[in-house]
Amino acid sequence: MKKVILPALAALMIAGCTTTEQGAVIGGASGAAIGAATSGTMGGAVAGGAIGAVAGGLIGRAAEPGWCYYRDRYGRRYRARCDY
C-alpha cells in the first residue's frame, strides 16, 4: 500500500507546478539517482542532483508554450511572446 501512496502523492505535488518547475524536480531527482549510482557517495548524489535540477529547469523553461527566442538586429538573443 505504501508503495502506491508515496508515488501518487509525489505526482500530485508536482502536477500543479509550471513546466520549468516540473523539469527541475524531475532533473534533480534523476540526477541525484544517477550521481549516487555512479559514484556511490553522498557528494556524487548531491552534485548529480544539482546539475540535474539546473539542466531540467533550463529544458523546462525552453519548453513552455507561448514563448519564443528571437534575435535583434545586433545579434543578441531575447525571449518574448510568440507572434503566431
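Residues numbered from 1 in each chain as written. Predicted model: local features only at pLDDT ≥ 70, side-chain atom pairs only at ≥ 80, totals over all residues. Heavy atoms only, no water.

Colleague: Describe the state of the cysteines, with residues and values.
Modeller: Per the stated rule, a full pass over the model turns up one disulfide. Here Cys68 connects covalently by a disulfide to Cys82, the sulfurs 1.7 Å from one another. A torsion of 100° about the S-S bond marks the disulfide between Cys68 and Cys82 as right-handed. Linking Cys68 in strand β1 (residues 67-71) with Cys82 in the segment after β2 (77-81), this pair joins segments that are 14 residues apart in sequence. Cys82 carries the same exposure label as Cys68, and that label is buried. (Disulfide = S-S within 2.5 Å. Helix = DSSP H or I, 4+ residues; strand = E, 2+ residues; numbered from the N terminus. Buried < 20%, exposed > 50% of the residue type's maximum accessible area, 1.4 Å probe, protein only.)

Colleague: Break down the UniProt feature "domain: Glycine zipper" (unreviewed entry) in the chain for me, citing the residues and quoting the values.
Modeller: Per the UniProt annotation, the sites labelled "domain: Glycine zipper" (unreviewed entry) are residues 23-64. When the span residues 23-64 is considered, its composition is 90% helix and 0% strand, and the gap between its end C-alpha atoms is 11 Å. (UniProt positions renumbered as here; feature names shortened; annotations may be inferred.)

Colleague: Pulling in residues and values, what's your account of the pairing of β1?
Modeller: Examined bridge by bridge, β1 and β2 share five bridges and lie antiparallel to one another. Within β2, the residue paired with Arg71 across the bridge is Arg77. Where β1 folds back on β2, the antiparallel hairpin that results is connected by five residues, among which Gly75 adopts a positive phi of roughly 90°. (Pairing = 2+ DSSP bridges.)

Colleague: Lay out the pattern of salt bridges in plain terms, naming residues and giving numbers.
Modeller: Summed over the entire model, instances satisfying the criterion amount to one salt bridge. For the salt bridge of Asp72 with Arg76, the shortest nitrogen-to-oxygen distance reads 3.0 Å. Under the relative-accessibility criterion, Arg76 is labelled exposed at 51%. (Salt bridge = Lys/Arg side-chain N within 4 Å of Asp/Glu carboxyl O.)

Colleague: Tell me about the environment of Ala37, and name the residues and values.
Modeller: Its location among the elements puts Ala37 in helix α2 (residues 19-39). C-alpha of Ala37 to C-alpha of Gly75: the two residues are 38 residues apart in sequence and 42 Å apart in space.

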